[in-house]
Amino acid sequence: MSGEVPPNINIKEPRWDQSTFVGRANHFFTVTDPRNILLTNEQLENARKVVHDYRQGIIPAGLTENELWRAKYVYDSAFHPDTGEKMILIGRMSAQVPMNMTITGCMMTFYRTTPAVLFWQWINQSFNAVVNYTNRSGDAPLTVNELGTAYVSATTGAVATALGLNALTKRVSPLIGRFVPFAAVAAANCINIPLMRQRELKVGIPVTDENGTRLGESTNAAKQAITQVVISRILMAAPGMAIPPFIMNTLEKKAFLKRFPWMSAPIQVTLVGFCLVFATPLCCALFPQKSSMSVTSLEDELQASIQRSHPELRRVYFNKGL
């Protein structure tokens with residue numbers, strides 16, 4: 001081996017301690033950095049080569065520890081942790097802030113008519129479907145039919161929920177009406193995420209011991225993973241959809257927006273973007289990416305299998321997705 005980097009750095013794990021919220025927050029501030037979507041394919045492939053070479057014990061001359069960690073996080077931002085495939089650009093967590101600030105800002109600006117609600121909720125749920133599929137847990141592929149069925153059922157259910165809630169805006173004050181998009185998004189996440197990841201609920205996700213040895217697939221682990229992701233996504237949307245309505249309700253009474261009403265959407269998008277820069281990584285950090293559960297919480301058959309092969313094992317680990 002050559003180079004300036006120690007050969008024993010565990011780059012399969014994050015740089016920061018994932019048992020603490022602060023450590024997870026540091027990790028996700030790096031992973032969700034919007035600048036990562038500007039990286040070229042060449043830069044991504046170079047990062048992948050550095051990571052793969054290091055795992056094989058090959059260290060390029062002159063590589064520093066910081067450069068190794070940078071390559072690891074560039075790799076993590078673009079490649080799926082279970083399959084190793086390059087993820088769809090808009091489905092990556094680094095695309096969450098620019099994509100969500102645009103879509104959410106428009107949803108909260110154009111919420112007064114049914115066609116506008118239908119269009120922007122469809123755009124939002126289509127984007128969510130891409131994100132949910134891209135950041136699924138496990139390595140079992142979805143067939144085209146399964147993916148199509150999941151997309152149609154997820155977007156239809158979520159949009160119908162949003163339209164139903166939008167009907168309530170006619171009976172409430174304008175300020176309360178501004179919060180309807182958030183209620184719709186929260187309800188829709190509870191529908192979209194499980195439906196786009198329904199294969200995991202049917203066949204399970206891989207569970208391992210603490211060293212990464214695969215022990216089998218568990219649907220109970222999938223339920224815990226999807227529940228955690230739903231909670232994180234709802235809370236992720238909350239600041240950007242709860243704070244701007246108060247600000248916009250005040251601004252729209254001022255002379256500036258009465259004179260330049262077209263500025264409403266850009267201001268709303270900017271406010272949402274500011275909130276999402278912090279909410280996205282902090283809410284991703286609520287639960288460890290490498291989640292765990294007790295062996296006794298697994299299915300009986302899997303429990304029996306693990307007790308035969310690993311009688312001392314008490315907890316199993318799995319990628320919860322994002």
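Only a predicted model underlies this, so the values are computations on that prediction, with no experimental measurement involved. (Residues numbered from 1 in each chain as written. Predicted model: local features only at pLDDT ≥ 70, side-chain atom pairs only at ≥ 80, totals over all residues. Heavy atoms only, no water.)

Enquirer: So what about the pattern of salt bridges? Which residues, and what values?
Expert: For the structure on display, the rule yields 7 salt bridges. R48 is paired through a salt bridge with E45; the nearest N and O atoms lie 2.9 Å apart. Highlighted residues: R48 and E45, both in helix α2 (residues 41-55), separated by 3 residues, approximately one helical turn. Using a relative accessible area of 31% as the deciding quantity, one classes E45 as partly exposed. Between K72 and D76 there is a salt bridge; the shortest N-O distance is 2.6 Å. Taken together, the residues K72 and D76, both in helix α3 (residues 65-78) and 4 residues apart, mark about one turn of the helix. By relative accessible area, D76 is classed as partly exposed at 22%. Residues joined in a network through salt bridges with shared partners are E45, R48 and K86. (Salt bridge = Lys/Arg side-chain N within 4 Å of Asp/Glu carboxyl O. Helix = DSSP H or I, 4+ residues; strand = E, 2+ residues; numbered from the N terminus. Buried < 20%, exposed > 50% of the residue type's maximum accessible area, 1.4 Å probe, protein only.)

Enquirer: Residues and numbers for a nonpolar patch on the surface, please.
Expert: A contiguous nonpolar patch, built from F21, V22, F29, I231, L235, F274, V277, F278, L282 and L286 and spanning about 850 Å² of accessible area, is present on the exposed surface. If you trace the backbone, L282 turns up in helix α12 (residues 264-284). (Patch = residues over 30% accessible without salt bridge, like charges linked within 9 Å, V, L, I, M, F, W, Y side chains within 5 Å. Areas by Shrake-Rupley, 256 points an atom, 1.4 Å probe, with all protein chains shown as cover.)

Enquirer: Quick one: what's the story with the nonpolar core, residue by residue and with numbers?
Expert: If you look at the biggest cluster of nonpolar residues, it comprises 28 residues, and the most contacted ones within it are V5, I9, I11, Y54 and L68. Mapped by element, the contributors of at least two residues to this core are α1 (21-31), α2, α3 and α12. Sort the elements by how many residues they give to this core and α3 lands first, with 7 residues. Setting aside its immediate chain neighbours within four residues, Y54 contacts V5, P6, P7, N8, I9, I11, I59 and L68. (Core = buried A, V, L, I, M, F, W, Y, C linked by side-chain atoms within 4.5 Å. Contact = heavy atoms within 4.5 Å.)

Enquirer: Break down the UniProt feature "transmembrane region" (unreviewed entry) in the chain for me, citing the residues and quoting the values.
Expert: Mapped onto the present numbering, the UniProt feature "transmembrane region" (unreviewed entry) falls on residues 230-247 and 267-287. As annotated, residues 267-287 has a helix share of 86% and a strand share of 0%, and its two end C-alpha atoms lie 32 Å apart. (UniProt positions renumbered as here; feature names shortened; annotations may be inferred.)

Enquirer: Tell me about helix α4 (residues 96-109), and name the residues and values.
Expert: Along its 14 residues, α4 runs 19 Å from first to last C-alpha, staying within 8% of the 20 Å computed at 1.5 Å per residue. Every buried residue of α4 is accounted for by Q96, V97, N100, I103, T104, G105, C106, M107, M108 and T109. (Expected span 1.5 Å × (residues − 1).)

Enquirer: For the packing of α1 against α12, give the residues involved together with the corresponding values.
Expert: Between α1 and α12, whose axes approach to 8 Å, the crossing angle comes to 125°. One way to sum up the angle between α1 and α12 is to call them oblique. Crossing hand, α1 versus α12: right-handed. Side by side, α1 and α12 meet where F21, A25, F28 and F29 of the first sit next to V277, F278, P281, L282 and C284 of the second. Here the residues of the contact of α1 with α12 are counted per class, giving 9 nonpolar, no polar and no charged. (Axes fitted to C-alpha atoms, helices over the stretch in contact; angles between N-to-C directions. Parallel < 35°, antiparallel > 145°, perpendicular 65-115°, else oblique. Left-handed = near helix turned anticlockwise from the far one by under 90°. Nonpolar A, V, L, I, M, F, W, Y, C, P; charged D, E, K, R; others polar.)

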